[in-house]
Amino acid sequence: MQQQHCVRCPALVASRRRIVHGYGDVMSGIVFIGEAPGRHGADQTGIPFWGDRSGRILRRILVRLGLASDETATASLRCFITNTVRCCPPGNRTPTAAEVQSCREWLDTELDLIKPRLLVPVGRIALQEVGKRYLEGAPGAIRMLHATVLRGREVTILPMMHPARISRVDAEAFIAAMQPLVDGRNEP
């Protein structure tokens, strides 16, 4: 289902270099969901969270958690990484609600196929979308819920602040909360 000719969102079509779909290990049961491809990263590389500062930060976290073999683009992953929106918004802005809605079927299809046991919404927009699907509503502010285990319908959710805005302390808190969940233990 690698759609490469979508024209649903005129502003995104006009600004994107490419449509960026999820990638990684669909059998891992662990899914990271970002907001949208970054202008200087995924929009150029075609790989979510790759080629920019945010991608480097997330890759370091994945390596520490044992979810990536190394920090390169060819690293083997023990998770799946995707975005709520498949195209980079103009000026790298936050996607609109209409843009998120237009891409929802792609994200829903990935989640239906993968059936994750652990979801990591990366940033505010991803947390909102995960909340709609698994928590029956908006869960709250990402800053308040960062590294807090949430129980959704048939899935554990661990929100993470976007790597562009995460501090070292917040990154360490996320790793500490995530490691037991990666290792298969239920509580951090």
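Up top is the structure these notes are about.
Basis of the calculations
- Residues numbered from 1 in each chain as written.
- Predicted model: local features only at pLDDT ≥ 70, side-chain atom pairs only at ≥ 80, totals over all residues.
- Heavy atoms only, no water.
- 1 Å grid on protein atoms, 1.4 Å probe; cavity = no way out; pocket = protein on both sides within 12 Å on 5 of 7 lines; lining within 4 Å.
- Points joined across faces, edges and corners; volume = space filled by probe spheres on them.
- Helix = DSSP H or I, 4+ residues; strand = E, 2+ residues; numbered from the N terminus.
- Nonpolar A, V, L, I, M, F, W, Y, C, P; charged D, E, K, R; others polar.
- Core = buried A, V, L, I, M, F, W, Y, C linked by side-chain atoms within 4.5 Å.
- Buried < 20%, exposed > 50% of the residue type's maximum accessible area, 1.4 Å probe, protein only.
- Contact = heavy atoms within 4.5 Å.
- Salt bridge = Lys/Arg side-chain N within 4 Å of Asp/Glu carboxyl O.
- Expected span 1.5 Å × (residues − 1).

A word on empty space enclosed by the protein. Counted under the stated rule, the structure contains one cavity of 30 Å³ or more. Computed from the structure, the largest cavity encloses a volume of approximately 90 Å³. Lining the largest cavity are 14 residues, with Cys 6, Cys 9, Arg 16, Cys 87 and Cys 103 positioned closest to its centre. Secondary-structure elements contributing two or more residues to the lining of the largest cavity are helix H1 (10–15) and helix H4 (97–114). In terms of residue count, the dominant contributor to the lining of the largest cavity is H4 (three residues).

All right, on to the layout of surface pockets then. Considered as a void within the structure, the largest pocket measures approximately 340 Å³ in volume. As for the largest pocket, its lining consists of 19 residues, and the residues nearest its centre are Ala 36, Gly 38, Ser 54, Asn 92 and His 162. Residue classes in the lining of the largest pocket are distributed as six nonpolar, seven polar and six charged. Within this model, the second largest pocket holds a volume of roughly 270 Å³. Secondary structure elements with two or more residues in the lining of the second largest pocket: helix H3 (53–65) and helix H7 (168–182). At five residues, H3 tops the list of elements feeding residues into the lining of the second largest pocket.

Formed by 47 residues in total, the largest nonpolar core has its most connected members in Phe 32, Leu 62, Leu 67, Leu 119, Phe 174 and Met 178. Counting residues per element, this core draws most heavily on H7, at seven residues. When neighbours within four sequence positions are excluded, Leu 62 is seen to be in contact with Phe 32, Leu 67, Ala 68, Leu 77, Cys 79 and Ile 81.

As enumerated under the stated definition, the model contains 13 salt bridges in all. Here Arg 60 and Glu 71 are joined by a salt bridge, their closest N and O atoms 3.9 Å apart. Pair noted here: Arg 60 is in helix H3 and Glu 71 is in the loop between H3 and strand E3 (80–83), with a separation of eleven residues, a long-range link. Given a relative accessible area of 41%, Arg 60 falls into the partly exposed group. You can call Glu 71 partly exposed: its relative accessible area is 39%. Note that Asp 108 and Arg 133 form a salt bridge whose closest N and O atoms lie 3.0 Å from each other. Residue Asp 108 is found in helix H4, and its partner Arg 133 is found in helix H5 (residues 124–134); the two are separated by 25 residues along the sequence. Among the charged side chains, a salt-bridge network with shared partners connects Arg 17, Arg 39 and Asp 43.

With that settled, the discussion passes to the environment of Arg 165. Turning to its location among the elements, Arg 165 is positioned in the loop between strand E6 (155–157) and H7. In sequence terms Arg 165 and Gly 22 are 143 residues apart; their C-alpha atoms lie 22 Å from each other.

All right, on to H7 then. The first and last C-alpha atoms of H7 sit 20 Å apart over 15 residues, in line with the 21 Å expected at 1.5 Å per residue. Residues of H7 that are buried include every one of Asp 170, Ala 171, Phe 174, Ile 175, Ala 177, Met 178, Pro 180, Leu 181 and Val 182, and no others. The inward-facing, buried residues of H7 abut strand E2 (30–34), H3, strand E4 (118–121), helix H6 (142–145) and E6. Positioned one or two residues after H7, Gly 184 has a phi angle of 95 degrees, which is positive.

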